[in-house]
Amino acid sequence: MKNILPVLTVVAAILALWYAATVQLNRGWTEDRAARAGTELSFTELVTDTMSQQRPRLPAPHQVVVELWNSTVVEEFTGRRGWWNTGTLSNRSLIHHGWITLSATFLGFAIGTGLGFVLAIGIVHNRAMDASVMPWAIASQTIPIIALAPMIIVVLNSVGIVGLVPKAIIAAYLSFFPVVVGMVKGLRAPDAIQLDQMKTWNASGWETFLKLRLPTSMPYFFASMKIGIAAALVGTIVGELPVQQGGLGVRLLSGSYYGQTIQIWSALFAAAILAAVLVGVIGLIQRRTLRRMGMAP
Amino acid sequence: MKDAKTTQTAAPVIEAQGLNLTFETADGPVQALKDIDLSIRKGEFVSFIGPSGCGKTTFLRVVADLEHPTSGTITVNGMSPEAARRARAYGYVFQAAGLYPWRTIEGNIRLPLEIMGYSRAEQAERARRVLDLVDLGGFGRKFPWQLSGGMQQRASIARALAFDADILLMDEPFGALDEIVRDRLNEELLRLWHRTEKTIGFVTHSIPEAVYLSTRIVVMSPRPGRITDVIESPLPRERPLDIRDTPEFIEVAHRVREGLRAGHVDD
């Protein structure tokens, strides 16, 4: 825990900057109002007001934290539609929306990782795929997802696929790519001696894959899954924008419709926290797995 | 001398005639092997020595079917190298131990046995036997990183011995180890060779190592890779380490050195 001090220092610096920016960005509105009312503002009054506006340009950190708390714990335990009173999650809580996002993220991540894995195996074992798949995979990532997402939703909708799956497919579209790139590298990671060794034992391609290539690729697999799950979350949120059936993306969008900047920022933070937890969980599995495999210090 | 006679009459295990191998590189063709004629008989311990680029490793890899000759013929156990490889005729020990970190030492030794379809009981039995053979009994459950470099290389030799190949091909197996460990492993390797009666092809660039171990020393030189001298060792099969101070040993070492120098005159 030697690292705690530098980390706290950085966090404190960010918070200080943020508060300073809050005052600077929100003071215009406060000063206008004071001017119209013909009152003089002391510095303290100015600062206090910039940090407690209903619709600030930039909400103060504590406003975001309070909103996060209110739209999760408070809403579920005391709200009329909350879990405490109805037994189901409130459609106004970030837990409800977070869960919608999370479930599509999981499904998309699973599809994307599976697809990336299969493509990587194909690329490593098949000459034609080696030459042809990668350019398409790269091209797929150069199209802005924000432009592509509505098309995917519309096309899938017209063949009767609605709900979770279209969002998951957009998530998969973003998350398969790091897995392909990482796994191609990983499956090719065994050195020449180890591959020659397999040949001297007259091992089949399947045995070489199972006993050598696959275990060797594990560090690469986990690294690409970390990027992949974060990408899946982004993809899901983007997919939620045109669908409008709940999720953190919808909270972001409705917040911006109604100028609810605090709601936007709290949804943003909810997404960031979710991403950090997901990446952290994969990191934890990675550490335990690689240590058991003798591939991590 | 009596030993030399018995090996003379034994059947050839590896036989190369007019073997040529040319690598096509970006800088043009490189002749790695030129007109190699060599016959290795059963039970021989043959060392290949020469400067880098002389084709000693390439020749071993041709025997192992890891490289393909451009012209000439080579047979291993009377078959093509490919057929011999498929019949698992040889065990190959590489420069690096190449043990899998996620497998125990025993698991590493079982690896070729799993691939070759031995039963679990048979795998365990063989792993135990070869670990004893290289003095690693009791280390089966350790992981590679828990062993020293010398022990790891011993484990890789055990792995090459675990299936019943009667040829052992070794490509500078002790090259990365320090002198003291190397001496001890050389001694152990000789003992192992006595006990198992394998035919061994051994690549090295250490003159004392080649002379100490071999019944025959093949001296090679580079550009193009070719054999410049083949020396029958007059040393007895029983060789304590201090045989290296005897006049016979020094004489053979001298001849090897001369052969290596002769190969360099061409440059």
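On a predicted model such as this, the values are computed, not experimentally measured, just so you know.

**Considerations on the domain arrangement of chain A**
Residue and element names in this part refer to chain A.
- If you check the domain split of chain A, you get domain 1 (1-58) and domain 2 (94-292).
- Between the C-alpha centres of domain 1 and domain 2 there is a distance of 38 Å.
- In this assembly, seven residues from domain 1 lie in contact with seven residues from domain 2.
- Both sides of the domain 1 and domain 2 interface together cover about 500 Å² of buried area, and 57% of this is carbon and sulfur.
- If you sort the residues of domain 1 by the area they bury against domain 2, Trp18, Arg55 and Pro56 come out on top, with a joint share of 66%.
- Our count for the domain 1 to domain 2 interface comes out at zero salt bridges.
- Counting across the interface, domain 1 meets domain 2 through one residue pair in polar contact (both at pLDDT 80 or more).
- Residue composition of the side of domain 1 that touches domain 2, grouped by class: three nonpolar, two polar and two charged.

**Considerations on the packing of aromatic side chains**
- Enumeration over the complete set of coordinates arrives at 18 aromatic pairs over all chains.
- Relative to Phe221 of chain A, the ring of Phe117 of chain A lies with its centre 5.5 Å away and its plane at 70°, an arrangement referred to as edge-to-face. A residue pair is termed long-range when its members are at least 10 positions apart, and Phe117 of chain A in helix H5 (residues 94-125) and Phe221 of chain A in helix H10 (residues 205-243) qualify at 104 residues.
- Since its relative accessible area comes to 13%, Phe221 of chain A is described here as buried.
- Relative to Phe177 of chain A, the ring of Phe176 of chain A has its centre 6.4 Å away and its plane inclined at 75°; by these criteria the two rings are edge-to-face.
- Residue classification places Phe176 of chain A among the buried residues on the basis of a relative accessible area of 8%.
- Taken together through their ring pairs, the aromatic side chains of Phe45, Phe174, Trp193 and Phe202 of chain B make up a single cluster.
- Taking NZ or CZ as reference, Arg244 of chain B lies 5.8 Å from the ring centre of Tyr212 of chain B, over its face.

Conventions we followed
- Residues numbered from 1 in each chain as written.
- Chains lettered and ligands numbered in written order.
- Predicted model: local features only at pLDDT ≥ 70, side-chain atom pairs only at ≥ 80, totals over all residues.
- Heavy atoms only, no water.
- Domains from an automatic or database assignment.
- Contact = heavy atoms within 4.5 Å.
- Buried area = accessible area lost by both parts, 1.4 Å probe.
- Salt bridge = Lys/Arg side-chain N within 4 Å of Asp/Glu carboxyl O.
- Polar contact = N/O pair within 3.5 Å; in protein donor to acceptor, adjacent residues only side chain to side chain.
- Nonpolar A, V, L, I, M, F, W, Y, C, P; charged D, E, K, R; others polar.
- Phe/Tyr/Trp six-rings, centres within 6.5 Å; stacked < 30°, edge-to-face > 60°.
- Helix = DSSP H or I, 4+ residues; strand = E, 2+ residues; numbered from the N terminus.
- Buried < 20%, exposed > 50% of the residue type's maximum accessible area, 1.4 Å probe, protein only.
- Lys NZ or Arg CZ within 6 Å of the ring centre and 35° of its normal.

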